[in-house]
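Listed below, chain by chain, are the residues.
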Amino acid sequence: MSRCLILFLLFSSFSVQGKMVKKIEKVMYYKYMFGHLHQNPSKYSTSLTTIGCAHPLRVYSVKTSGSKPRMVFNKEWYFVKAGPYEGYIRSQQLSRRKPKCFQDKYPKFVDQFDMEISDMYNWGRLYDLYLFKRTRVR
Amino acid sequence: MKKLLLVTLFSFSFFSFAQNSGKPTSKTIEEKEGELVDFKSIQGVLKEDMLTQEVKKKVSRIQNIKKKRKKRDLQKYLIPGEDEIWSFLSELWLVKSAPVLKWDFQKPEYGIEESFKELLEEMGHYEIDVKVILVNTPVVTHMALPSSKGEYIFVLSVPFMRTLDLSKMEISILLFEDFMRVRKGYFANFVKPASFGSVAGSNFKGEKFPNALFKTILKKYDDIIFDRGFTFQQQFEITKDLNRLFKSNMKYWNIYYTLLKKIDELTKTNLLYNGYVKIFPSPELQLNWLRPKKEVL
């Protein structure tokens, strides 16, 4: 009886795992001053954590049962892991190479402004809400 | 006993490693060796062992490391130059003014940035980064903030564009007017004190950081955006510039003219926006400057 129970539990755990399979595809870096990792692929979704420039993020591909693995959600969002948090971030905010960050280039200058946690949060929100565009090359 | 000794040694070595690794400027092995060994006192021995050349190499290597470290330390105290500092200051101002500006709110995708990009390209402005932040307040209607080289930050009020029922093209023209102002340096010239030129791009190692100067700049951001705005002369120049630019494309000229008419009417009828003329003097005058002069025969 106990063997049956163990087998059942094992089987059910496999089936739960089988619903969503995550695989780390690449490591990318956050390229702006501050940013947010979101709970859902939307800029208005809850922020799980604030990340700073050059923060490394592991980008997942996700495969759900019966579908192909995919990396992009809601047109432009990656599912990533930052430290202990797993959430969504816009793909255009990430860079393949470690970026040259303003706060790394001028660390003592930035320190002088005594930025509080709320400022870093707001700075990240600013980059969530900016409408970006670049005009084409001549 | 042996075990106790091993544990003590291990913990000591671990603590010393942890302490050393925490220091940002911990010395390299070569530097420590250089401090410990006095090569001058053993010159005779070195000569006998034919090691003089090796010592020379080692000493020059240590000097190089020290030089690089000094340079790295000095670079940490750099103040960004004018081509980099503005985006930091403008964004800092946006962050600090978040409670007043109320830019963190949900809104639909208006597609403003796409339409503005097309207008910029049509006007011949290429490889430009545009950042638009929409605010949910009538306190600021529209404004371009100085930013890094090739980048422009725009603040645009959603209540303002809704009250005027502005089309995407009208919004783009409004932003283009702001773009021209910021390019002419009206904003930056107003907010930066005379001493700014010598501070930007300098190094403050061993000196007091010019805190007051940056406080003044941020205070002047408030001044120009909320109270002072631009001068009649600046407005005249901008209006004349846009007049010249848009004359070659009458579609834009007409939109600009209609837009100014709308704003003029709004500022005269809506109390919420009667402070607009203080910031952008004045839509009525701008219309006059745009109107072709009647020839007296």
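Thresholds, definitions, all that
Once a new chain begins, its residue numbering starts again from 1 and follows that chain's sequence as written. Each chain gets a letter, beginning with A, and each ligand a number, beginning with 1, in the order they are written. Totals for whole chains, interfaces and linings use every residue, but because this is a predicted model, local features are given only for residues with pLDDT of at least 70 and side-chain atom pairs only at 80 or more, for both listing and counting. Put simply, DSSP marks the helices as runs of H or I at least four residues long and the strands as runs of E at least two long, and each gets a number from the N terminus on. Residues with at least 20 other C-beta atoms within 10 Å of their own are called buried, those with 12 or fewer are called exposed, and the rest are partly exposed. The C-beta atoms themselves are positioned from the backbone. One bridge is not enough; two strands pair if DSSP finds at least two bridges between them. Here, residue contact means that the backbone-derived C-beta atoms of the two residues sit within 7 Å. By the convention adopted, Pro, Cys, Tyr, Trp, Phe, Met, Ile, Leu, Val and Ala count as nonpolar, Lys, Arg, Asp and Glu as charged, and the other residues, Gly among them, as polar. Under this scheme, a helix contributes an axis fitted over its contacting stretch, all axes are lines through C-alpha atoms, and angles between N-to-C directions fall in the 0 to 180 degree range. A helix is expected to span 1.5 Å for every residue after the first. Take the buried Ala, Val, Leu, Ile, Met, Phe, Trp, Tyr and Cys residues, join any whose C-beta atoms are within 7 Å, and the set you get is a nonpolar core. Predictor confidence is given residue by residue as pLDDT, running from a minimum of 0 to a maximum of 100. Our arc is simply the arc of the directions from the helix axis toward the C-beta atoms. Angular relationships are summarised with four words: roughly parallel below 35 degrees, roughly antiparallel beyond 145, roughly perpendicular across 65 to 115, and oblique for the angles in between. Each helix crossing is assigned a hand: it is left-handed if the near helix lies turned anticlockwise from the far helix by less than a right angle, otherwise right-handed if that turn is clockwise.

### As for the overall build of chain B
Of regular secondary structure, chain B possesses 16 helices and three strands. Put simply, chain B has 297 residues, and 26% of those count as buried.

### Concerning the pairing of strand β7 (residues 85-90) of chain A
All names here are of chain A. With six bridges joining them, strand β6 (residues 77-82) and β7 adopt antiparallel strand pairing. When the bridges of β7 are listed, K81 appears paired with E86. Hairpin remark: β6 followed by β7, antiparallel, with two residues in the connecting loop; positive phi at G83, about 60 degrees.

### Looking at the interface of chain B and chain A
Counting from both sides, the interface comprises 32 residues of chain B and, opposite them, 24 residues of chain A. Counting residues per element, the ones that place at least two in the side of chain B that touches chain A are α5 (82-96), α7 (112-122) and β1 (129-135) of chain B. Top element by residues in the side of chain B that touches chain A is α7(B). It accounts for seven residues. In terms of residue class, the side of chain B that touches chain A is made up of 19 nonpolar, three polar and ten charged.

### Focus on the sheet that holds β1(B)
Within the open sheet, the four strands sit side by side as β9(A)-β1(B)-β3(B)-β2(B). Their pairing is mixed. One side of each edge strand has no neighbouring strand; the edge strands of this open sheet are β9 (131-134) of chain A together with β2 (142-145) of chain B. Within the sheet, the average angular offset between the axes of one strand and its neighbour, ignoring direction, is 20 degrees. In the sheet, β9(A) pairs with β1(B) via four bridges, with the strands oriented antiparallel. Within β1(B), the residue paired with K133(A) across the bridge is V130(B). Sitting on the sheet, α7(B) is in contact with β9 of chain A together with β1 of chain B, with an inclination near 25 degrees to β9(A). Most of the contacts of helix α9 (residues 168-183) of chain B go to β2(B), to which it runs at about 35 degrees, and overall it touches β2 and β3 (151-157) of chain B.

### Some details on the packing of helix α13 (residues 232-247) of chain B against helix α14 (residues 250-269) of chain B
Residues and elements named next belong to chain B. With their axes 7 Å apart at the nearest point, α13 and α14 run at an angle of 145 degrees to one another. Contacts between α13 and α14 involve L242, F246 and K247 from the first element and Y252, W253 and Y256 from the second. When the residues that make up the contact of α13 with α14 are grouped by side-chain class, the tally is five nonpolar, no polar and one charged.

### Details of helix α4 (residues 52-75) of chain B
The end-to-end C-alpha distance of α4(B), which contains 24 residues, comes to 35 Å, matching closely the 34 Å that a straight helix rising 1.5 Å per residue would cover. By the criterion of burial, α4(B) is predominantly exposed, with just zero of the 24 residues buried.

### Quick word on the nonpolar core
When a protein is soluble and globular, its nonpolar side chains tend to lie buried together. Counting residues in hydrophobic clusters, the biggest one holds 78 residues, and the most contacted among them are I89(A), A144(B), F154(B), L156(B) and L175(B). With sequence-adjacent residues up to four places away left out, I89(A) is seen in contact with G35(A), L37(A), H38(A), L57(A), W77(A), Y78(A), V80(A) and L94(A).

### Regarding the confidence of the model for chain B
All names here are of chain B. Averaged over all residues, the pLDDT of chain B is 89; the fraction at 70 or higher stands at 90%. Highest mean pLDDT in chain B belongs to β2 (98); lowest belongs to helix α1 (residues 2-22) (47). Predicted confidence is poor over residues 9-23, with pLDDT under 50, and the contacts of this stretch with residues over four places away or in other chains come to one contact. We note a pTM of 0.83 for the whole complex and an ipTM of 0.85 for its interfaces.

### Notes on unusual backbone geometry
With phi around 40 degrees, D114(A) is a residue other than glycine that occupies positive phi space. For D114(A), the position within the fold is in the loop between α3 (107-111) and α4 (117-129). With 8 C-beta atoms counted inside 10 Å, the residue D114(A) sits in the exposed group. At D165(B), a residue that is not glycine, the phi angle is positive and equals roughly 50 degrees. In this fold, D165(B) is placed in the loop between α8 (158-163) and α9. Classification of D165(B) by C-beta neighbours within 10 Å gives exposed; the count is 8.

### Brief notes about helix α12 (residues 211-228) of chain B
Residue and element names in this part refer to chain B. The end-to-end C-alpha separation of α12 is 24 Å, in line with the 26 Å expected for 18 residues at 1.5 Å each. For α12, the set of buried residues is F214, I217, Y221 and I225. Buried residues of α12 fall within an arc of 55 degrees about the axis and therefore sit on the same side. Residues of α12 that are exposed and angled more than 90 degrees away from the buried face: N211, A212, K215, K219 and D227. Tucked into the core, α12 has its buried residues touching α5, β2 and α10 (186-191). Positive backbone phi, at 65 degrees, marks G229, one or two positions downstream of α12.

### Concerning the packing of α4(A) against α5(B)
A pair of packed helices is captured by two measures, namely the crossing angle of their axes and the spacing between those axes. Contact geometry for α4(A) and α5(B): axes closest at 9 Å, N-to-C directions at 110 degrees. In terms of orientation, α4(A) and α5(B) fall into the roughly perpendicular class. As for the relative orientation of α4(A) and α5(B), their crossing is right-handed in sense. Touching D119(A), N122(A), W123(A) and L126(A) of α4(A) are E91(B), L94(B) and V95(B), all from α5(B). Residue composition of the contact of α4(A) with α5(B), by class: four nonpolar, one polar and two charged.

### So, the environment of E33(B)
Assignment of secondary structure puts E33(B) in helix α2 (residues 29-36). Separated by 25 residues in the primary sequence, E33(B) and K58(B) have C-alpha atoms spaced 9.7 Å apart.

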